[in-house]
Amino acid sequence: GDSVTQMEGPVTLSEEAFLTINCTYTATGYPSLFWYVQYPGEGLQLLLKATKADDKGSNKGFEATYRKETTSFHLEKGSVQVSDSAVYFCALTTRDTGANSKLTFGKGITLSVRP
Amino acid sequence: GAGVSQTPSNKVTEKGKYVELRCDPISGHTALYWYRQSLGQGPEFLIYFQGTGAADDSGLPNDRFFAVRPEGSVSTLKIQRTERGDSAVYLCASGRGGADTQYFGPGTRLTVL
């Protein structure tokens, strides 16, 4: 079955540091890849996505590139801010039948950014 | 506009009791998903509705779990004879289906004592 593996956390960085959060996947079909974020006290929200190989998703200074050869979708940001402190989830969907796009998530990683 | 809403936000019940969790999707969204998130884990798929019908219920853990969406809008997740292992955050998401983004509600935290 499909699965997503994220690097172990938590991660603590100083403001303006460079961020990389690793994500690799296994999938039976051709997946679309996502990063979701959960800020403290809020619900899950989509951060960025990529639907085919070599696509780069980007939003709020975050980027991730769909690498089919390494089955990876690592999240990066050049300069993190305190407001980026949250839990980050990597996820995939392989639309198997009809319009069903059920998501398979990784375990999530907690990022804390200190001033 | 209004997002996905879920009620109650918290539910505490005793082992063996029956509970219902409600999800109000974004208006016009035909696809509705339920997920369960245990502590320290990512959300896990439970069931998918396209319109009124449950198109994929492969994630429901056993027959104590059931969900309905009678008019193609609001959905209710029903859990019979609750067990302590059912304690988790239950998330609902809606979308237009296919590759469209799923929008998540804030979740219902269920605690079974």
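Details of the structure are given in the entry above.
Draft legend 1. Molecular detail of unusual backbone geometry. A cis amide bond, omega -5°, links Gly9 of chain A with the succeeding residue Pro10 of chain A. In this fold, Pro10 of chain A is placed in the loop between strand E1 (3-6) and strand E2 (11-14). Following Thr7 of chain B, the chain continues to Pro8 of chain B via a peptide bond in cis, the omega torsion being -10°. Here Pro8 of chain B is to be found in the loop between strand E1 (5-7) and strand E2 (10-13). The phi angle at Glu16 of chain A is positive, at roughly 75°, despite the residue not being glycine.

Draft legend 2. Representation of the pairing of strand E5 (residues 32-38) of chain A in the model. Residues and elements named next belong to chain A. Of all 7 residues that make up E5, 7 are buried, and the element is covered over most of its length. Of the two faces of E5, both are covered, the one formed by Ser32, Phe34, Tyr36 and Gln38 as well as the one formed by Leu33, Trp35 and Val37. As judged from the 7 bridges shared by E5 and strand E10 (residues 86-93), these two strands associate in the antiparallel manner. Counterpart to Ser32 in the pairing with E10 is Thr93. Between E5 and strand E6 (residues 45-50), which pair antiparallel in sequence order, lie 6 residues; one of them, Gly41, sits at a positive phi of approximately 75°.

Draft legend 3. Quick peek at the pairing of strand E6 (residues 53-56) of chain B. All names here are of chain B. Sheet analysis places strand E5 (residues 44-50) next to E6, joined by 3 bridges and oriented antiparallel. When the bridges of E6 are listed, Gln50 appears paired with Gly53. Counting the residues in the hairpin turn of E5 and E6 gives 2 residues, including Gly51, whose phi is positive at 70°.

About the cut-offs
Residues numbered from 1 in each chain as written. Chains lettered and ligands numbered in written order. Predicted model: local features only at pLDDT ≥ 70, side-chain atom pairs only at ≥ 80, totals over all residues. Heavy atoms only, no water. Helix = DSSP H or I, 4+ residues; strand = E, 2+ residues; numbered from the N terminus. Buried < 20%, exposed > 50% of the residue type's maximum accessible area, 1.4 Å probe, protein only. Pairing = 2+ DSSP bridges.

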